[in-house]
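Report on the structure
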Amino acid sequence: MKVLQINAVYGFKSTGVIVKDIGDMLSQNGNEAYFAYQTTNKELETGFLVGNKLDWKHHAVHARLFGKQAYASKRSTKKLIRWIDKVQPDVVHFHNLHSNYVNLNMLCDYLAAEKIPTVITMHDCWYFTGKCTHYAAVKCDKWQKECGNCPLNKTEQPSLFFDSTSNVLRDRTEHLLKIPSLTLVGCSNWIANEARKSKLGSADIDVVYNGVDTEIFKPHESSVRRELGLDGKFVILGMADKWAAEQNREIVGKLVSAQDENTKIVIVGCKKQHKEYLSRFENVVTVGYVTDRHRLSDIYAAADVFVNLTRADTLPTVNMESICCGTPVITFDSCGSPELVDEECGFVVREGDYDGLIAAIEKIKCQLLSFDVQKQHQKFDKNECYKKYLDIYKHISENVK
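A quick note: this is a predicted structure, and the numbers were derived from the prediction, not measured. (Residues numbered from 1 in each chain as written. Predicted model: local features only at pLDDT ≥ 70, side-chain atom pairs only at ≥ 80, totals over all residues. Heavy atoms only, no water.)

Pairing is parallel in the open sheet, where 6 strands are placed in the order β10-β9-β8-β11-β12-β13. With one partner strand each, in any of the chains shown, β10 (284–287) and β13 (346–349) form the two edges of the open sheet. For this sheet, the mean inter-axis angle between neighbouring strands, taken without regard to orientation, is 20°. Here 4 bridges tie strand β9 (residues 263–268) to β10, and the two strands are oriented parallel to one another. Looking at β10, one finds that V268 is bridged to V287. (Pairing = 2+ DSSP bridges. Helix = DSSP H or I, 4+ residues; strand = E, 2+ residues; numbered from the N terminus. Axes fitted to C-alpha atoms, helices over the stretch in contact; angles between N-to-C directions.)

Okay, the sheet that holds strand β2 (residues 32–40) next. Strand order in the open sheet made by the 7 strands is β3-β2-β1-β4-β5-β6-β7, with parallel pairing throughout. For this open sheet the edge positions go to β3 (47–49) and β7 (204–207), each flanked by a neighbour on one side alone. On average, adjacent strands in this sheet sit at an angle of 20° to one another, irrespective of strand direction. Summarising the sheet, β2 and β3 pair through 3 bridges and their orientation is parallel. Of the residues in β3, the one forming a bridge with Y37 is L49. Along the sheet, helix α1 (residues 13–28) makes contact with β1 (2–10), β2 and β4 (91–94), crossing β1 at roughly 160°. (Contact = heavy atoms within 4.5 Å.)

The subject of this paragraph is the layout of surface pockets. Taken as a whole, the second largest pocket encloses approximately 220 Å³ of empty space. Along the walls of the second largest pocket sit T133, H134, Y135, A136, A137, V138, L152, T155 and E156, which together make up its complete lining. Here the residues of the lining of the second largest pocket are counted per class, giving 5 nonpolar, 3 polar and 1 charged. (1 Å grid on protein atoms, 1.4 Å probe; cavity = no way out; pocket = protein on both sides within 12 Å on 5 of 7 lines; lining within 4 Å. Points joined across faces, edges and corners; volume = space filled by probe spheres on them. Nonpolar A, V, L, I, M, F, W, Y, C, P; charged D, E, K, R; others polar.)

The topology assignment puts V102 in the loop between β4 and α4 (104–114). Residue classification places V102 among the buried residues on the basis of a relative accessible area of 0%. Separated by 27 residues in the primary sequence, V102 and R75 have C-alpha atoms spaced 9.2 Å apart. Those residues within four positions of V102 in sequence are excluded, and the remaining contacts are H59, A70, A72, S73, T77, L80, L97 and L107. (Buried < 20%, exposed > 50% of the residue type's maximum accessible area, 1.4 Å probe, protein only.)

What follows is the structure, given as structure tokens:
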């Protein structure tokens, strides 16, 4: 079986690693894996680079002016389609197409005309909205019927002049549903259920978790405590994009101030502006962006608890990575984050509930959670998770309408 995956990146960042891992799984099971991408960390014999920097910039300007992402790049998409014709894949698998590099309508029309079975992994909500990747923060449900007057029009993928969300949602739905054998895959139960409420709800919808490498993310001895001066301390771990987010600053200020001198908070993924904000807190240790997964695993293993302040995440890989390293998780009850944390390996608190966060942290301080990590590995191991795609590929390719 030939499977072509299309994603903005290959081999790095969260979705790029997922695409590579699925490709490896395909090859290990005797299938052929092909890839189309905007950016890659290595040249691939079975890969295709879509467009170039000039085209991507033009596409970005077009999206900014007209509020229509994935409408430009017509020439690049024609070249991609010619390459797909040569490859003759049995299945095409979409990941993230909202990075100003491909024309979605053209691609869908081609797949529909050729009756090529298509899988879409919903890493976010973009495929069933008129613009946004996440709407939870603004509590918007217009996408269920018709977008328009978008509350995120000037903030997320900002449009300078037009609100085209109503037209985009209508176009996107029409072109995707033209594909005769279409399966949407949510990487969490939450987003799958959201998709069922959307205008794409008539499509087949399944769930496959984004797995993690349990050979890397597992309990082990770590030198991070010694390196960062954390010996003898209770260590809280967090991610910079959540802890430094504007909507979390009040709760972070109170949470950090409530900790005693025997507690240290390590924040990973800090850019310059994150460090400037977090440097005001004496008990916070800032760490830059970590690309090496072995190093990231060392950091998880060194912590006593991982506190995820996300308010809009489809399925936070960081939760799974922490749990697989034996470190419990505290998270808000927003989107897909809570479904990863059961009563054995952490706590789920109401979104924005400061008292709930403090109480959960204190419980772990009083008695560190000990849980069956192997049981969690069975749920989150990438090899087991991604094999489910094989069943989906086989099913839709054998049942082309």
